[in-house]
Amino acid sequence: MDYQRFINQLPTCFEDWGLVSVRPKSKLFQERLDQIQGMTTANIMQLLNCAVAYMAPNEVYCEIGTYQGSTLIGALANHPDRMAYAVDNFSEYDPLGENLDRLMENLTKWGIQDQVVFCNQDFETFFTDLGSLEFEEKIGVYFYDGAHDYRSQLMGLLRVRPFLADQSVIIIDDSNWDTVQQAISDFTSTHPPCQPLLHLPTPIARHFTFWNGLTLLSWDTQRVNEAQVPPPVRYPDVIQGIYSLQMMEQRQSPNQLWQEVRMLQAQGRFQDAEPLYRLLMLWKKRDPEILLGLGKLYYATGRYREAFETIVQALQLDTTRAESHFTLGLIGQATGNLSGAITAYGEALRLEPERADVFLNLVECYKHLGDWQSAIQTLREAVRKHPTGAGFYFDLILLLREQGEMAEAIATAETAMKTLPEEYTFRILYHLLLPLLYETASEITEYRQRFTTGLQRLIQETKLDTAEARQSALAGTGRLTNFYLTYQFQNNRSLQSQYGQLLHQIMAANYPQWAKTPPMPALENNGKIRVGYASAYLHSYSGTLWLTGWLKYADRQSFELYCYYTGNQPDPITDQFREFCDVFHQIPGNLEAACQQIRADQLHILVFPEIGMDPPTLQMAALKLAPIVCTAWGHPDTSGLPTVDYYLSSELMEPEQGQDHYTEALIRLPNLAIAYPRPEVPPLTRPRSDYGLRTNAVVYLCCQAAFKYLPQHDRLLVEIARQVPTAQFVFIRADSLKPRLGKAFSAAGLEMADYCLFLPVQARHPYLMLNQLSDIYLDTIGFTGGNTTLDALACHLPVVTYPGELMRSRLSYSMLRRMSILETIARSEDEYIEIAVRLGQDADWRNAIQQAIAAKCELLYDDRTCVTALEAFFKQTISNRG
């Protein structure tokens with residue numbers, strides 16, 4: 001088996017090799033795994049398949065632990081000339097006694113039954129029997145997934161040795177386990193032909209990448225003479241004794257060994273450091289420093305039980321080490337024991353009151369518990385201890401803003417700006433900080449005026465005459481956007497234009513090579529126009545999900561599509577983006593690399609599906625990375641950037657005077673402008689009681705983010721409640737509205753708790769079932785639902801909406817217009833109340849609206865008309881520029 005060629009070729013079989021998103025390039029393995037009950041992953045199946053490809057003609061594949069055959073099927077896929085030995089006695093994971101039948105069915109289903117010699121026995125008996133046969137073939141690839149206790153794991157390595165090819169690969173599953181690693185270490189230490197080849201750990205058990213971890217070993221008898229290879233040894237204590245003796249002979253003193261261990265651990269070479277810890281423990285069994293180091297190693301490799309036990313031993317010997325308490329806190333945090341983590345961090349701070357990392361972790365614990373005031377108090381203390389700690393100021397300002405403590409947030413930003421004048425971040429925060437929620441309508445006016453004045457001051461104060469100033473401005477703008485300005489529901493063209501000009505100056509000062517418009521590339525011989533789509537959200541996200549339709553239905557004969565994913569949360573929707581484009585680049589967290597790649601690809605057109613949500617994306621858009629740059633309604637507001645040429649919007653959404661709202665040239669694509677994938681509505685299997693809904697309630701679904709609800713519209717809910725006594729308003733992710741709504745209901749003599757139900761974020765299917773259980777969808781005013789309205793209409797839920805003058809207030813309106821269902825579109829706030837009340841009181845009318853939606857909602861989804869128009873616009877624009 002040519003293990004070196006195999007290991008070199010392995011990365012080419014996978015997408016994102018070396019990343020947590022690693023997956024096979026071929027879909028074959030996941031498709032087969034979906035049809036088999038297997039305790040493995042598509043990644044493992046692909047890896048085994050690649051290994052089998054490099055076996056010599058006279059070699060066989062052998063696996064211990066076959067279960068229902070998934071790894072066997074993966075290994076032999078597309079290898080009809082390969083033979084395999086498979087061994088399993090089904091002593092585990094077969095409570096119904098059906099695995100043998102399932103295995104045989106699966107082997108037949110995938111047509112490999114004639115390639116497999118299956119042995120229904122324990123592996124030690126198998127190897128004994130194998131030794132009594134005239135076995136000419138050698139094992140080129142050996143996959144062990146049997147029992148993982150120390151003895152079984154070690155014997156699985158010792159017994160296979162006589163049957164291995166001179167050059168072969170040993171692949172060991174579930175290698176996250178400490179017993180497995182111990183057996184591997186002891187075996188390789190006493191068998192020079194065997195050396196570690198590759199370790200693929202996983203952060204948690206049953207991870208979608210490599211299950212519980214894989215370790216690959218190479219066996220190569222050319223490394224030593226056969227005479228040097230010791231005979232198989234059965235007893236673990238003998239193995240450990242030989243191993244320890246060898247290790248001691250190589251080192252002169254415990255101090256030298258301790259220095260080596262610390263160096264290896266600092267380099268992240270935990271697999272090399274761990275056996276040295278065991279050797280150190282022979283000399284110093286009760287050394288708290290060594291125990292601390294070993295506990296940190298266990299923590300770093302995800303073995304939290306061992307880490308906890310080791311750190312507790314260290315603390316029993318010495319309670320004065322803050323690092324031991326800190327590590328105990330990390331373990332508690334990782335295992336969900338947040339109260340224990342808080343106690344441990346508190347003790348670490350008592351011993352070292354100024355440790356910055358303890359403050360940071362303590363704050364995260366309080367956040368996860370929802371104890372916002374303790375988190376704020378901890379950050380206040382951190383700022384007092386570290387008056388120049390920029391990170392503490394930043395976190396404190398944003399957390400204060402999230403909790404509605406705007407006066408202190410602004411005051412803290414001012415303090416930070418004066419204390420750290422070189423940090424541009426705090427200038428932005430001080431001048432442009434906006435609330436998430438407003439208590440009164442007048443507050444909107446006050447904060448908007450403050451923002452307007454602050455923006456002018458920020459522009460005046462911005463200096464870009466030194467390298468330090470340019471870098472500081474770059475860092476500051478890379479952390480913040482004007483996202484919440486959009487939720488004041490006013491025309492932001494002037495303010496966005498001023499900020500956009502400022503940002504363009506900052507980006508041009510840092511990257512002058514990308515600031516000017518590049519020449520239009522000539523069309524290649526294939527005549528295709530190269531169009532790129534860049535976003536940090538090419539995954540399941542409301543601001544970009546609609547984009548999959550533009551790519552799916554694109555004319556691939558005329559266009560070459562590029563995607564640039566600058567985020568790092570890949571999921572099945574990411575796979576769709578990858579599938580629907582010609583070239584897919586994932587470049588997370590590296591602005592310069594992303595810009596360089598986009599320029600290198602010589603696009604004709606670059607599209608940002610959203611500008612304004614992700615700070616680095618906003619920075620990229622402030623450069624001129626392609627001759628033509630567009631944005632679209634993933635974030636429905638003008639970018640204000642002089643570098644963006646066109647805003648791709650909808651003819652149904654835009655008012656007549658829509659161009660007045662954009663610095664970009666407005667392009668009105670037909671209908672909704674998107675080919676939105678039709679939501680897959682699950683069968684309704686849950687009752688109202690599962691969500692806390694009253695059986696007899698008229699349920700009004702209010703599913704927007706809290707910051708979409710402005711205080712002047714609270715009265716609408718109160719008036720509906722007055723007239724529909726059985727009303728129940730269901731909010732999602734909007735707990736922060738409780739105090740303000742409580743005041744509004746109380747002022748009307750009503751109890752908010754009688755009418756309002758607040759639910760956490762729901763998973764996809766439970767959320768769609770909640771839509772089905774609701775009676776009416778109440779749209780927000782000023783910034784309506786987009787994806788949520790499309791979901792509601794897919795569930796045939798009547799939508800009450802009141803469109804305004806801005807496109808973002810007309811999203812739901814356009815969907816109802818598209819279906820010609822105009823009855824629930826209000827022309828005033830009072831009419832909004834009337835429609836919502838009538839729907840609540842008149843079940844027959846509500847049912848008629850539902851039936852009309854059911855008959856026409858097909859018009860909203862997978863609409864290719866807009867894609868055709870979009871591509872016509874692209875062609876015409878290129879022609880005009882040519």
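Relevant structure appears above.
Residues numbered from 1 in each chain as written. Predicted model: local features only at pLDDT ≥ 70, side-chain atom pairs only at ≥ 80, totals over all residues. Heavy atoms only, no water.

### Things to note about the overall build of the protein
So, step 1. Within the protein, the secondary structure is distributed over 35 helices and 21 strands.
So, step 2. If one aligns the C-alpha atoms of the protein with their principal axes, the spans along those axes are about 90 × 65 × 65 Å.
So, step 3. The proportion of buried residues among the 882 residues of the protein is 58%.
So, step 4. Once local pairs closer than 6 in sequence are excluded, the contacts in the protein between residues at least 24 apart make up 69%.
So, step 5. About 36400 Å² of surface is accessible on the protein, with carbon and sulfur atoms providing 49% of the total.
So, step 6. Each charge sign in the protein was given a centre, from 74 positive and 101 negative side chains, and these centres are 5 Å apart. (Helix = DSSP H or I, 4+ residues; strand = E, 2+ residues; numbered from the N terminus. Buried < 20%, exposed > 50% of the residue type's maximum accessible area, 1.4 Å probe, protein only. Contact = heavy atoms within 4.5 Å. Areas by Shrake-Rupley, 256 points an atom, 1.4 Å probe, with all protein chains shown as cover. Lys, Arg positive; Asp, Glu negative; His and termini not counted. Charge placed at Lys NZ, Arg CZ, Asp CG, Glu CD.)

### A closer look at the pairing of strand S14 (residues 628–632)
So, step 1. For S14, a buried count of five out of five residues is recorded, marking the element as mostly surrounded by other parts of the structure.
So, step 2. Across the two faces of S14 the burial is the same, with Ile628, Cys630 and Ala632 and Val629 and Thr631 all buried.
So, step 3. Sheet topology note: the strand S13 (residues 605–608)/S14 ladder contains four bridges and is parallel. Looking at the pairing, Val607 lines up with Cys630 of S14. (Pairing = 2+ DSSP bridges.)

### Some words on the sheet that holds strand S5 (residues 116–119)
So, step 1. What the seven strands build is an open sheet, ordered S5-S4-S3-S6-S7-S9-S8; its pairing is mixed. Looking along the sheet, the strands with just one partner apiece sit at the ends: S5 and strand S8 (194–200). With direction set aside, neighbouring strand axes in the sheet form an average angle of 15 degrees.
So, step 2. Taken together, the four bridges between strand S4 (residues 84–87) and S5 define a ladder with parallel strand orientation. Note that in S5 the partner of Tyr85 across the bridge is Val117. (Axes fitted to C-alpha atoms, helices over the stretch in contact; angles between N-to-C directions.)

### Things to note about the environment of Asp775
So, step 1. As for its placement among the helices and strands, Asp775 is situated in the loop between helix H30 (764–773) and strand S20 (776–778).
So, step 2. Among the polar contacts made by the side chain of Asp775, one reaches the side chain of Arg688 at a distance of 2.9 Å.
So, step 3. Looking at Asp775, its side chain comes within polar contact range of the main-chain nitrogen of Val699, at 2.8 Å. (Polar contact = N/O pair within 3.5 Å; in protein donor to acceptor, adjacent residues only side chain to side chain.)

### Quick notes on the packing of aromatic side chains
The description of an aromatic ring pair uses the distance of the two centres, along with the angle that the planes make with each other.
So, step 1. Applying the stated criterion across every chain yields a total of 38 aromatic pairs.
So, step 2. Note on Phe14 and Trp17: the rings are 5.1 Å apart at their centroids and 40 degrees apart in plane angle, and the pair reads as tilted.
So, step 3. Classification of Phe14 by relative accessible area gives buried; the value is 3%.
So, step 4. The class for Trp17 is partly exposed, based on a relative accessible area of 28%.
So, step 5. Considering the side-chain rings of Tyr537 and Tyr541, the 4.3 Å spacing of their centres and the 10 degrees angle between planes classify their relative orientation as stacked.
So, step 6. Assessed through its relative accessible area of 14%, Tyr537 is described here as buried.
So, step 7. Relative accessible area serves as the criterion here: at 29%, Tyr541 is assigned to the partly exposed category. (Phe/Tyr/Trp six-rings, centres within 6.5 Å; stacked < 30°, edge-to-face > 60°.)

### Topic: the environment of Met417
So, step 1. Its location among the elements puts Met417 in helix H19 (residues 406–419).
So, step 2. Assessed through its relative accessible area of 11%, Met417 is described here as buried.
So, step 3. Counting along the chain gives 13 residues from Met417 to Tyr430, while the straight-line C-alpha distance between them is 7.5 Å.
So, step 4. Not counting chain neighbours up to four residues away, the residues in contact with Met417 comprise Phe426, Arg427, Tyr430 and His431.

### Considerations on the sheet that holds strand S18 (residues 727–732)
So, step 1. Spatially, S19-S18-S17-S20-S21 is the arrangement adopted by the five strands of the open sheet, whose pairing is parallel. Only two strands of the sheet have a single partner each, and these edge strands are strand S19 (756–759) and strand S21 (799–800).
So, step 2. Contacts from helix H28 (residues 714–723) reach strand S17 (698–702), S18 and S20, with the element oriented near 150 degrees to S18.

### Some remarks on helix H33 (residues 829–841)
So, step 1. Between its terminal C-alpha atoms H33 stretches 18 Å, which fits the 18 Å expected from 13 residues at 1.5 Å a residue.
So, step 2. The inward-facing, buried residues of H33 contact S17, H28, S20, S21 and helix H34 (843–856). (Expected span 1.5 Å × (residues − 1).)

### Comments concerning the environment of Leu338
So, step 1. For Leu338, the location among the structural elements is in helix H15 (residues 338–351).
So, step 2. Here Leu338 falls in the buried class, since its relative accessible area comes to 13%.
So, step 3. Separated by 24 residues in the primary sequence, Leu338 and Leu362 have C-alpha atoms spaced 9.2 Å apart.
So, step 4. Among residues more than four places away in sequence, those in contact with Leu338 are Gly332, Gln333, Cys365, His368 and Leu369.

### A few points about the packing of helix H20 (residues 424–432) against helix H22 (residues 467–477)
So, step 1. The contact between H20 and H22 brings their axes to 7 Å, and the two run at 50 degrees. As the angle between them shows, H20 and H22 are arranged oblique. Counted together, Tyr424, Thr425 and Ile428 of H20 and Ser472, Ala473, Ala475, Gly476 and Thr477 of H22 form the full contact between these two elements.
So, step 2. Partitioning the contact of H20 with H22 into residue classes produces four nonpolar, four polar and no charged. (Parallel < 35°, antiparallel > 145°, perpendicular 65-115°, else oblique. Nonpolar A, V, L, I, M, F, W, Y, C, P; charged D, E, K, R; others polar.)

### Some words on the pattern of salt bridges
So, step 1. Inspection of every chain in the model, using the stated rule, returns 41 salt bridges.
So, step 2. Ionic pairing is found between Asp16 and Arg578, a salt bridge with its closest N-O pair at 3.5 Å. Of this pair, Asp16 sits in the loop between strand S1 (14–15) and strand S2 (23–24) while Arg578 is found in helix H25 (residues 572–580), placing the two residues 562 residues apart along the sequence.
So, step 3. What makes Asp16 buried here is its relative accessible area of 15%.
So, step 4. Take Arg578: its relative accessible area is 15%, and that puts it in the buried class.
So, step 5. Residue Glu381 is joined to Arg384 by a salt bridge in which the shortest nitrogen-to-oxygen separation is 2.9 Å. Of the two residues, Glu381 and Arg384 are both situated in helix H17 (residues 372–385); the distance of three residues between them amounts to about one turn of the helix.
So, step 6. In the salt-bridge network here, residues are joined through shared partners; they are Glu15, Asp16, Arg23, Asp575 and Arg578. (Salt bridge = Lys/Arg side-chain N within 4 Å of Asp/Glu carboxyl O.)

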